[in-house]
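Examination of the molecular architecture
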Amino acid sequence: MWIYLILMVALVVIDQVIKAAIVSHIALGASTSIVTGLLSLTNLHNNGAAWSILEGKMWFFYLISVIALIVMGYLLWRLRGKWLYEVGISLMIAGTLGNFIDRLRIGYVVDMFQLDFINFPIFNFADSCLTVGVIFILIGVLRDDSFEK
């Protein structure tokens, strides 16, 4: 289990370092192209969720984050020994913590990755951890033969 704790801490640190770098190097609302037509970095403050839904409802995000962290902590313990679940839940915990830290510390989440080739919400590293974590869990569910029994 130590490896997953180290993984979570490392991912949260990476998330916070990226956000700090964006805030200190790119003006709010400004964009810098990384790969023309593909990816830009944009400094965006989001006090909602994806597509800014539930904007300004911080109490809701605090509550959901705490509940989610408790449930994911339990599932990580309960599903120990199943590495796909452990990695997926670890990624999801790190993503939840990364955004929760922003909400507690500054009252909004810093987003920065903008996909220029598609109309998609600007997102951050923590959001990516959450998404990849869900993918790991889905793969685990699809490969888990205990559901067939």
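Residues numbered from 1 in each chain as written. Predicted model: local features only at pLDDT ≥ 70, side-chain atom pairs only at ≥ 80, totals over all residues. Heavy atoms only, no water.

**A short note on a nonpolar patch on the surface**
Together, Trp 59, Leu 63, Ile 67, Val 71, Tyr 74, Leu 75 and Trp 77 make up a nonpolar patch on the protein surface, roughly 730 Å² of accessible area in all. Relative to the helices and strands, Val 71 is located in helix H2 (residues 58–78). On the basis of relative accessible area, Val 71 is assigned to the partly exposed category, the value being 41%. (Patch = residues over 30% accessible without salt bridge, like charges linked within 9 Å, V, L, I, M, F, W, Y side chains within 5 Å. Areas by Shrake-Rupley, 256 points an atom, 1.4 Å probe, with all protein chains shown as cover. Salt bridge = Lys/Arg side-chain N within 4 Å of Asp/Glu carboxyl O. Helix = DSSP H or I, 4+ residues; strand = E, 2+ residues; numbered from the N terminus. Buried < 20%, exposed > 50% of the residue type's maximum accessible area, 1.4 Å probe, protein only.)

**Quick word on the pairing of strand E3 (residues 109–115)**
With 5 of 7 residues buried, E3 lies mostly within the body of the structure. Direction of pairing for strand E2 (residues 39–46) relative to E3: antiparallel, over a ladder of 6 bridges. Along E3, the bridge assignment pairs Leu 41 with Phe 113. (Pairing = 2+ DSSP bridges.)

**With respect to the packing of aromatic side chains**
The relative placement of two aromatic rings is captured by the distance of their centres and the angle of their planes. Using the criterion set out here, one finds 5 aromatic pairs in the structure. A connected cluster of aromatic rings, assembled from ring pairs, spans Phe 113, Phe 120 and Phe 123. For Arg 103, the ring lying beneath its charged end belongs to Phe 61, and the centroid distance is 4.3 Å. (Phe/Tyr/Trp six-rings, centres within 6.5 Å; stacked < 30°, edge-to-face > 60°. Lys NZ or Arg CZ within 6 Å of the ring centre and 35° of its normal.)

**A look at the UniProt feature "transmembrane region" (unreviewed entry) in the chain**
Per the UniProt record, the feature "transmembrane region" (unreviewed entry) sits at residues 59–76, 83–101 and 121–142. Along residues 121–142, the helical share is 82% and the strand share 0%, with 28 Å between the first and last C-alpha atoms. (UniProt positions renumbered as here; feature names shortened; annotations may be inferred.)

**Quick notes on the UniProt feature "active site" (unreviewed entry) in the chain**
UniProt tags Asp 111 and Asp 127 as "active site" (unreviewed entry). For this annotated set, covering 17 residues, all C-alpha atoms fall within 8.9 Å of each other, a compact arrangement in space. Examined against the element boundaries, Asp 111 turns out to sit in strand E3. Taking the relative accessible area as the measure of exposure, Asp 111 reaches 3% and is therefore buried. Residue contacts for Asp 111: discarding those within four places in its chain leaves Thr 42, Asn 43, Leu 44, Asn 46, Ile 122, Phe 123, Asn 124 and Asp 127. Position of Asp 127 among the secondary structure elements: in helix H4 (residues 125–143). (Contact = heavy atoms within 4.5 Å.)

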